[in-house]
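Structure at a glance
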Protein chains: 2
Amino acid sequence: MNLRERKKRRTRDALLRAALELFATRGYEETTVDDIAAAVDVSQRTFFRYFAGKEETAFYVPRLAETQVVEAVRARPPGEAPLEALRRAVLESWDRINETIEEIVPVELHMRVYRVIESTPALLAAHLRRAAELEEELARIIAEREGLDVDADPRPRIVVALFGGVIRVTERLWSAGDDLTLEGMRQLTATYLDQVGPALAGNWRTEQSP
Amino acid sequence: MNLRERKKRRTRDALLRAALELFATRGYEETTVDDIAAAVDVSQRTFFRYFAGKEETAFYVPRLAETQVVEAVRARPPGEAPLEALRRAVLESWDRINETIEEIVPVELHMRVYRVIESTPALLAAHLRRAAELEEELARIIAEREGLDVDADPRPRIVVALFGGVIRVTERLWSAGDDLTLEGMRQLTATYLDQVGPALAGNWRTEQSP
DNA sequence: AGGCTAATGACAGTCACTGACAATTGACAA
DNA sequence: TTGTCAATTGTCAGTGACTGTCATTAGCCT
């Protein structure tokens, strides 16, 4: 990797870190692209040559995490039931995700940015749209595992929708609480996934929830 | 209602219709606020006095539909199981929604705009964010029905997430297909909701889906 | 060293949106 | 009916995200 490439990577990383730092401290809406560019001492135009938009910087790290999850699902043994495969895939990949993140930015910074995403309307919207795309991808994977046609059989999409819904609920609860650790999120997710069975079966009024 | 009020309503309706017509024919991104204002012959500033933003016009009608659904859920007899109550509420309220829409714009126009929403990234994102808010509201209603505390018991949110997920899947399938009627959407939703049970129980590989 | 190409900066323009102020217009009492 | 008051609107100027263009700079390769 020659000087040119190294310089490019450095500028991109610097822009990314500057952006995330600003988002986490000052807030997303309160940070202008000019602020980010100025912090790295490049022109605004250069920022837009590295990132398609302000949003892209906020979602750079989350994208890495997504990739891990999708791959983890692909790697699950075909014998597992769909919901079980999804469950194990997320929990397992979250165990490994710390290192992936730390290569780019401090995990603690990422966690603060994650909260900003959940609490900034524009970012939350973008996040949910991306989640929908991911669900489509996962539905295809699940359908393939089970030897079904996604477009003919609704079941893969339904299970994935349930799963995605639970994940999103835990994300929101986590970001609203005060335990910002990755471990806290993992824990919350596991608890909620455990509740899927009880939530769908039996009579709620006669059965307590743990 | 005096002249002043009548005039206001007329301008607002005209702006709304002009916007939706433009979105449906030319596309959302291809329509500028200036275009909409010009079509009604008012200043751009006036547009922003009636609508908080361009998006708001696109979501005006959907908001009415949401309200109907939420009220329909509230009106369900307490004896019904949560998922059953939600199911009946949507299907039933969609039967009545035609008239509500027609008071504002032709239903056919609304259907075309709905497709634009599903196919325009920025609008889809906003739509999904709103859907998340709605789910939160529904979760609270369900929890109340069952005499539970939403913040302590995960089950209401899980059921609502499942339900919302199924609705969103059908919305996307519907908007990708070529039956743009409300009836077609109702039908698709009913079919998918019927599949929730089969999707979550049993072994897919040994059971065909209708 | 010098020519080639990629990266950058500077500049101008578009579009969504906002604040401020002046002009207009309906409402309502005298 | 008229005059006053308040609401509605238009105009203008400005911000912030983004894009296209073109000249300049800087690494690369012979």
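From a predicted model like this one, the values you see are computed outputs, not experimental measurements.

Moving on: unusual backbone geometry. Despite not being glycine, D41 of chain A shows a phi value in the positive range, around 60 degrees. Note on placement: D41 of chain A falls in the loop between helix 2 (33-40) and helix 3 (44-50).

Further remarks concern helix 9 (residues 182-194) of chain B. Between the first and last C-alpha of helix 9 of chain B there are 18 Å, a value that for 13 residues agrees with the 18 Å anticipated at 1.5 Å per step. Within helix 9 of chain B the residues assigned to the buried category are L182, G184, M185, T189, A190, Y192 and L193 of chain B. Elements that come into contact with the buried residues of helix 9 of chain B comprise helix 8 (155-176) of chain A together with helix 5 (82-102), helix 6 (107-119), helix 8 (155-176) and helix 10 (196-200) of chain B.

Looking now at the protein's contact with DNA strand D. Lining the immediate surroundings of DNA strand D are 23 residues, of which R45 and K54 of chain A together with K8, T46 and R49 of chain B lie closest. A share of 61% is what sugar and phosphate atoms reach among the atoms of DNA strand D within 4 Å of the protein. At 3.0 Å, a backbone N or O of R4 of chain A approaches a phosphate oxygen of DNA strand D. For DNA strand D, a phosphate oxygen lies 3.4 Å from a polar atom in the backbone of T31 of chain A.

Each partner contributes residues to the interface: chain A has 40 residues there, and chain B has 40 residues. Counting the surface lost from both chain A and chain B, the interface buries some 3,500 Å², and carbon and sulfur atoms represent 70% of this. The interface formed by chain A and chain B contains 0 salt bridges. For the pair chain A and chain B, the interface holds 2 residue pairs in polar contact (both at pLDDT 80 or more).

UniProt tags residues 9-69 of chain A as "domain: HTH tetR-type" (unreviewed entry). Spanning residues 9-69 of chain A, this segment combines 80% helix with 0% strand, and its end C-alpha atoms are found 25 Å apart.

Here we come to the protein's contact with DNA strand C. Near DNA strand C lie 23 residues; those nearest to it are K8, T46 and R49 of chain A together with R4 and K54 of chain B. Sugar and phosphate atoms form 56% of the subset of DNA strand C atoms that lie within 4 Å of the protein. In the environment of DNA strand C, a phosphate oxygen lies 2.4 Å from a nitrogen or oxygen atom belonging to the side chain of T46 of chain A. Class assignment of the residues belonging to the surface near DNA strand C gives a composition of 6 nonpolar, 8 polar and 9 charged.

Residue and element names in this part refer to chain B. Structurally, the position occupied by I167 is in helix 8. Considering only alpha carbons, one finds I167 and Y192, 25 residues apart in sequence, at a separation of 8.3 Å. Leave out the neighbours within four places in its chain, and I167 touches V90 and T189.

Okay, the packing of aromatic side chains next. All names here are of chain A. In total, this model carries 8 aromatic pairs over all chains according to the counting rule given. On the basis of an interplanar angle of 80 degrees and a centroid distance of 5.7 Å, the ring pair of Y114 and W174 is categorised as edge-to-face. Placement of Y114 in helix 6 (residues 107-119) and of W174 in helix 8 is noted, with a sequence separation of 60 residues between them. For K54, the ring lying beneath its charged end belongs to Y28, and the centroid distance is 4.3 Å.

Residue and element names in this part refer to chain B. Looking at the secondary structure, you find K54 in helix 4 (residues 54-74). Of the side chains bearing the opposite charge, E29 lies closest to the buried K54, which forms no salt bridge; the N-O distance is 5.3 Å. A distance of 3.1 Å separates a polar atom in the side chain of K54 from the backbone oxygen of Y28. Not counting residues within four places of it along the chain, the set of residues in contact with K54 comprises F23, Y28, E29, T31, V33, I36 and F47.

Another point: the nonpolar core. One finds L20, I36 and L86 of chain A together with L20, I36 and L86 of chain B to be the most contacted residues of the largest nonpolar core, which totals 126 residues. Leaving out residues up to four positions away in the same chain, L86 of chain A has contacts with V73, L138, I142, V159, V160 and F163 of chain A. Of all hydrophobic cores here, the second largest spans 6 residues; its members include L124 of chain A together with L124, L128 and A132 of chain B.

Right, let's talk about the relation of the copies chain A and chain B for a bit. Between chain A and chain B, the superposition needs a rotation of 180 degrees and an axial shift of 0.0 Å, giving an RMSD of 0.0 Å. Considering both components of the superposition, the chain copies are consistent with a two-fold axis. Here 100% of the interface residues in chain A have copies in chain B that are interface residues too; the copies meet face to matching face.

To continue, consider the environment of E171 of chain B. All names here are of chain B. Locating E171 in the fold gives a position in helix 8. Ignoring sequence-local partners within four residues, the contact set of E171 consists of Y114, E118, H127 and M185. A polar side-chain atom of E171 sits 3.1 Å from a polar atom in the side chain of H127.

What counts and what doesn't
Residues numbered from 1 in each chain as written. Chains lettered and ligands numbered in written order. Predicted model: local features only at pLDDT ≥ 70, side-chain atom pairs only at ≥ 80, totals over all residues. Heavy atoms only, no water. Helix = DSSP H or I, 4+ residues; strand = E, 2+ residues; numbered from the N terminus. Expected span 1.5 Å × (residues − 1). Buried < 20%, exposed > 50% of the residue type's maximum accessible area, 1.4 Å probe, protein only. Contact = heavy atoms within 4.5 Å. Near = heavy atom within 4 Å. Polar contact = N/O pair within 3.5 Å; in protein donor to acceptor, adjacent residues only side chain to side chain. Buried area = accessible area lost by both parts, 1.4 Å probe. Salt bridge = Lys/Arg side-chain N within 4 Å of Asp/Glu carboxyl O. UniProt positions renumbered as here; feature names shortened; annotations may be inferred. Nonpolar A, V, L, I, M, F, W, Y, C, P; charged D, E, K, R; others polar. Phe/Tyr/Trp six-rings, centres within 6.5 Å; stacked < 30°, edge-to-face > 60°. Lys NZ or Arg CZ within 6 Å of the ring centre and 35° of its normal. Lys, Arg positive; Asp, Glu negative; His and termini not counted. Core = buried A, V, L, I, M, F, W, Y, C linked by side-chain atoms within 4.5 Å. Least-squares fit on C-alpha atoms with pLDDT ≥ 70 in both.

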